[in-house]
Amino acid sequence: MESARDIEEALHQADRAAAAPYIDYPPIPRSYLVVTGLWAVCFCLTFAIPRPGPLREVAQLMLIAVSLALTRWYHRHRGTWPRGRAPEEIRRVKVTFVIGATVVVCLVAVAFGLAGPWVATPVAVVVMAPALAWYERAYANAAARARARLG
Amino acid sequence: MSQFGLDPVIHAPKRLAAMALLASAHGADFAFVREQLQISASDLSKQMAELAKAGYIEIRKHGRGPGATTSYRITKVGRRAYAAHRQALEAILAMDVPRT
């Protein structure tokens, strides 16, 4: 015989386990912001590489390869990688992040269009650094709220 | 399948939690799953072997020797089975009927 309480408990445990890939993760390395900032600076500066010649594209491809390698390393470091529907708390942060990232990209693109890569680069750093720092903090707070709710 | 559409392979609480975790991830390694389920290494291996036998998950081994790692990934069949099982549990709960 299995009671409604047993089933509720099993579903609760399943919900907690389903949220784990989103809310249980090792501390983000402190170098993350610096590395991301450097990456953005390098990427912006690739647009200053004169054409013709494949150097600009080669540099950009190398930077994309570096970002993929770092993502792969972090995936292994974390032990999992979430997919599908995130807990409510995380969803809100992600929506804000997507809106914020779109605004950041637009600002950098406008700076690039108006004044070129030498101005767009500091603009990218000034806008991205606080945006990323906010995202990391907001995500950590949301994960803590989700952990508290799910037990 | 039982009378209520419950899947006996997934119904055990540890396996249900493992399936829930893997359904919301691209995959997870042994250490992560073990930490989440809070069970011993041998118990986790046993539970995961049951799920793999039913075709619900894939077990992947990377490397050899002391640095070797094991990871798990849910299959399409497993994803469907988990969704159906979960739906059956919620239906039972909605009816509030004790299951024998």
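Parameters and conventions
Residues numbered from 1 in each chain as written. Chains lettered and ligands numbered in written order. Predicted model: local features only at pLDDT ≥ 70, side-chain atom pairs only at ≥ 80, totals over all residues. Heavy atoms only, no water. Buried < 20%, exposed > 50% of the residue type's maximum accessible area, 1.4 Å probe, protein only. Helix = DSSP H or I, 4+ residues; strand = E, 2+ residues; numbered from the N terminus. Arc of directions from axis to C-beta. Patch = residues over 30% accessible without salt bridge, like charges linked within 9 Å, V, L, I, M, F, W, Y side chains within 5 Å. Areas by Shrake-Rupley, 256 points an atom, 1.4 Å probe, with all protein chains shown as cover. Salt bridge = Lys/Arg side-chain N within 4 Å of Asp/Glu carboxyl O. Contact = heavy atoms within 4.5 Å. Axes fitted to C-alpha atoms, helices over the stretch in contact; angles between N-to-C directions. Parallel < 35°, antiparallel > 145°, perpendicular 65-115°, else oblique. Left-handed = near helix turned anticlockwise from the far one by under 90°. Nonpolar A, V, L, I, M, F, W, Y, C, P; charged D, E, K, R; others polar. Buried area = accessible area lost by both parts, 1.4 Å probe. Polar contact = N/O pair within 3.5 Å; in protein donor to acceptor, adjacent residues only side chain to side chain. Pairing = 2+ DSSP bridges.

Asks: What exactly am I supposed to notice about helix 3 (residues 30-37) of chain B here?
Replies: For an α-helix the count is 3.6 residues per turn, leaving residues at separations of three or four pointing the same way. Residues and elements named next belong to chain B. All of the buried residues along helix 3 are Phe 32, Val 33, Gln 36 and Leu 37. Projection of helix 3 onto a plane perpendicular to its axis shows the buried side chains occupying an angular sector of 120 degrees, all on one side. Residues Ala 31 and Glu 35 are exposed on helix 3 and point more than 90 degrees away from its buried face.

Asks: Even after reading the chapter, I still don't get the environment of Ala 148 of chain A, so can you show me in this structure?
Replies: Residue and element names in this part refer to chain A. As for its position among the elements, Ala 148 is in helix 5 (residues 117-150). You can call Ala 148 exposed: its relative accessible area is 64%. Sequence spacing of Ala 148 and Phe 97 is 51 residues, and the spatial spacing of their C-alpha atoms is 22 Å.

Asks: Mind showing me how you'd approach a nonpolar patch on the surface here?
Replies: A cluster of nonpolar residues, Val 95, Ile 99, Val 103 and Leu 107 of chain A, forms a patch on the protein surface that exposes about 360 Å² of accessible area. Topologically, Leu 107 of chain A is positioned in helix 4 (residues 88-115).

Asks: Would you take a moment to explain the side chain of Ser 24 of chain B for this structure?
Replies: Tracing the backbone shows Ser 24 of chain B in the loop between helix 2 (13-23) and strand 1 (25-29). Take Ser 24 of chain B: its relative accessible area is 8%, and that puts it in the buried class. In this structure, Ser 24 of chain B is in contact with Ala 17, Ala 18, Pro 21, Tyr 22, Pro 82 and Arg 83 of chain A, ignoring residues within four places of it in sequence.

Asks: Before we go on, may I ask you to explain the packing of helix 2 (residues 31-46) of chain A against helix 5 of chain A in this structure?
Replies: The description of two packed helices rests on the angle between their axes and on the distance between the axes. All names here are of chain A. Here helix 2 crosses helix 5 at 155 degrees, and the two axes come no closer than 9 Å. Compared by their axis directions, helix 2 and helix 5 come out roughly antiparallel. Both helix 2 and helix 5 take part in a crossing whose hand is right-handed. Every residue of helix 5 that contacts helix 2 at Tyr 32, Leu 33, Thr 36, Ala 40, Val 41, Cys 44 and Leu 45 is listed here: Pro 117, Trp 118, Ala 120, Thr 121, Ala 124, Val 125, Met 128, Ala 129, Leu 132, Ala 133 and Glu 136. A per-class count over the contact of helix 2 with helix 5 returns 15 nonpolar, 2 polar and 1 charged.

Asks: Looking at this structure, I do not really get the interface of chain A and chain B. What am I missing?
Replies: Reports of interface size often rely on the accessible area that becomes lost once the parts have come together. Listed as interface residues are 24 residues of chain A and, on the opposing side, 25 residues of chain B. Of the roughly 2,100 Å² buried between chain A and chain B on both sides combined, carbon and sulfur atoms contribute 62%. The three residues of chain A that bury the most area against chain B are Glu 2, Leu 11 and Arg 83 of chain A, which together make up 29% of that side's buried surface. In this structure, the connection of chain A to chain B is made through 1 salt bridge. Of the charged contacts in the structure, one is a salt bridge between Asp 15 of chain A and Arg 86 of chain B, with a shortest N-O distance of 2.8 Å. Viewed at the interface, chain B and chain A are joined by 7 residue pairs in polar contact (both at pLDDT 80 or more). In terms of residue count, helix 1 (residues 4-23) of chain A provides more of the side of chain A that touches chain B than any other element does, 14 residues in total. Per-class residue counts for the side of chain A that touches chain B are 13 nonpolar, 3 polar and 8 charged. Looking at chain direction, strand 1 (residues 80-82) of chain A and strand 1 of chain B are connected through 2 bridges and run antiparallel.

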